[in-house]
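Structural characterization, general
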Amino acid sequence: GVPGQSVSFSATVSNTGPGAASNFPNIFQIADSAITSTVAMVNAGTVPSLAPSASSGLSGSYAFSSQGSYNVRACANFNTSWGGSVSESNPNNNCGAWLPLAVSYPALSVSCSGAPGSPFVGQSVTWSASASGGSGSRTYFWSGDEGLSGATASVQKSYTSVGQKQATISVSDPVSGQNASNT
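Nothing here was measured: the structure is a model prediction, and the numbers come from that model. (Residues numbered from 1 in each chain as written. Predicted model: local features only at pLDDT ≥ 70, side-chain atom pairs only at ≥ 80, totals over all residues. Heavy atoms only, no water.)

1. Overview of the packing of aromatic side chains
Here is the rule: Aromatic rings from Phe, Tyr and Trp, taking only the six-membered ring of Trp, are treated as a pair when their centres fall within 6.5 Å; an angle between ring planes under 30 degrees marks them as stacked, one over 60 as edge-to-face, and anything in between as tilted. Where helices and strands are cited, they refer to DSSP runs of H or I of at least four residues and of E of at least two residues respectively, numbered from the N terminus. The buried label applies to any residue whose accessible area, calculated with a 1.4 Å probe on protein chains only, is under 20% of its type's maximum; exposed applies above 50%, and partly exposed to all values in between.
Under the counting rule described, the total for this entry stands at 3 aromatic pairs. Seen from their ring centres, Phe9 and Phe28 are 5.5 Å apart, and the 35° between their planes marks the pair as tilted. Taken together, the residues span a long stretch of sequence, with Phe9 in strand S1 (residues 6-14) and Phe28 in strand S2 (residues 21-32) at a distance of 19 residues. For Phe28, a relative accessible area of 2% puts it in the buried group.

2. Description of the sheet that holds strand S6 (residues 99-103)
Just so we agree on the cut-off: Strand pairing is defined by DSSP finding a minimum of two bridges between the two strands. Whenever a helix is involved, its axis is fitted only over the stretch in contact; in every case the axis is a line through C-alpha atoms, and angles between N-to-C directions fall within 0 to 180 degrees.
If you walk across this open sheet you meet the 4 strands as S3-S2-S5-S6, and the pairing is antiparallel. Two strands bound the open sheet, and with one partner strand each, they are strand S3 (38-50) and S6. Averaged over neighbouring strand pairs, the angle between their axes works out to 25° when direction is ignored. Summarising the sheet, strand S5 (residues 68-76) and S6 pair through 5 bridges and their orientation is antiparallel. Note on S6: the bridge partner recorded for Val72 is Leu99.

3. Concerning the state of the cysteines
Rule in force here: By convention in this document, the label disulfide applies to cysteine sulfur atom pairs within 2.5 Å.
Enumeration over the complete set of coordinates arrives at 1 disulfide. The disulfide partner of Cys75 is Cys95, and the gap between their sulfur atoms is 2.1 Å. Between Cys75 and Cys95 the disulfide shows an S-S torsion of about 115°. By sign, it is right-handed. You can see Cys75 sitting in strand S5 and its partner Cys95 sitting in the loop between S5 and S6, a full 20 residues away along the chain.

4. Here we look at the sheet that holds strand S11 (residues 154-158)
Overall, antiparallel pairing links the 3 strands, which are arranged S7-S8-S11 in an open sheet. The sheet is open, and its two edges are formed by strand S7 (109-115) and S11, each paired on a single side. Taking each pair of neighbouring strands and ignoring which way they run, the sheet shows an average axis angle of 20°. Where strand S8 (residues 124-132) lies against S11, 5 bridges are found, and the strand directions are antiparallel. Paired with Val125 across the two strands is Lys157, which belongs to S11.

5. Description of the nonpolar core
Here is the rule we go by: Buried Ala, Val, Leu, Ile, Met, Phe, Trp, Tyr and Cys residues form a nonpolar core when they are joined through side-chain atoms within 4.5 Å. Note on contacts: a residue pair qualifies if any of its non-hydrogen atoms lie within 4.5 Å across the two residues.
One finds Phe9, Val13, Phe24, Phe28, Ile30, Leu58 and Phe64 to be the most contacted residues of the largest nonpolar core, which totals 21 residues. Those elements that place two or more of their residues in this core are S1, S2, S3, S5 and S6. Examining the composition of this core, we find that 5 residues originate from one element, S3, more than from any other. What Ile30 contacts, discounting residues up to four positions off in sequence, is Phe9, Ser37, Thr38, Val39, Ala40, Val42, Tyr62, Phe64, Tyr70, Asn71 and Val72.

6. Notes on the side chain of Arg73
Note the following rule: For this analysis, a polar contact is any N or O atom pair within 3.5 Å, provided that within protein one partner can donate a hydrogen and the other can accept it, and provided that sequence-adjacent residues contribute only side-chain to side-chain pairs.
Position of Arg73 relative to the elements: it lies in strand S5. Among the polar contacts listed, one links the side chain of Arg73 to the side chain of Gln29, at a separation of 2.8 Å.

7. As for unusual backbone geometry
Omega for the bond connecting Ala115 with Pro116 falls within 30 degrees of zero, at 0°, which places this linkage in the cis form. Relative to the assigned elements, Pro116 resides in the loop between S7 and S8. With a phi angle near 55°, Ile35 is a residue other than glycine that sits in the positive phi range. Residue placement: Ile35 occurs in the loop between S2 and S3. One non-glycine residue, Asn77, lies in the positive phi region at around 60°. Relative to the assigned elements, Asn77 resides in the loop between S5 and S6. Residue Asn77 is classed as buried on the basis of its relative accessible area of 7%.

8. Quick word on the layout of surface pockets
Condition: With a 1 Å grid laid over protein atoms only, a set of points is called a cavity when a 1.4 Å probe fits there but cannot get out and a pocket when it is open yet has protein on both sides within 12 Å along at least five of seven lines; lining residues have an atom within 4 Å of a point. Grid points are joined across faces, edges and corners, and a volume is the space filled by probe spheres set on the points.
Volume-wise, the second largest pocket comes out at about 260 Å³. Lining the second largest pocket are 17 residues, with Gly117, Pro119, Val125, Gly163 and Lys165 positioned closest to its centre. Among the secondary structure elements, those contributing two or more residues to the lining of the second largest pocket are S7 and S8.

Okay, structure coming up:
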């Protein structure tokens, strides 16, 4: 998953008891990486009726606010207050196994180019960076030949000598903690 975007969950609940079950709530429990603290309880709906040996699908979604490692599991006959509605002989078998879930931003990458491609001495060259990935929060730092510098996605430089020129763009994303550069 990606922070700020909904992650969808699905599971199957089965009635392993001898009697029919009706109108029971279900949740997805989300915990931290060590499974020591519940991060969220996501409503997975109510199953209206479930015969012995029958199964029903559950679904829910949650938008994580930050990147990290989490665990998630489905729990039948529980609502978001941990209350159940169906009396049963073994309430300890109502949650499935914990499954790991990583939430992170896509890898940050950057490319750069200069235009025009064959300028004359004294003609302005526009260096442009194109970044993708990360959280979208970016800082730019340009460096290069003849004192090229700047702190935006695009900079201009007029060169005073002939020959091939080089520029390097470094991009940082303070939210995701990622860095990328390209020459």
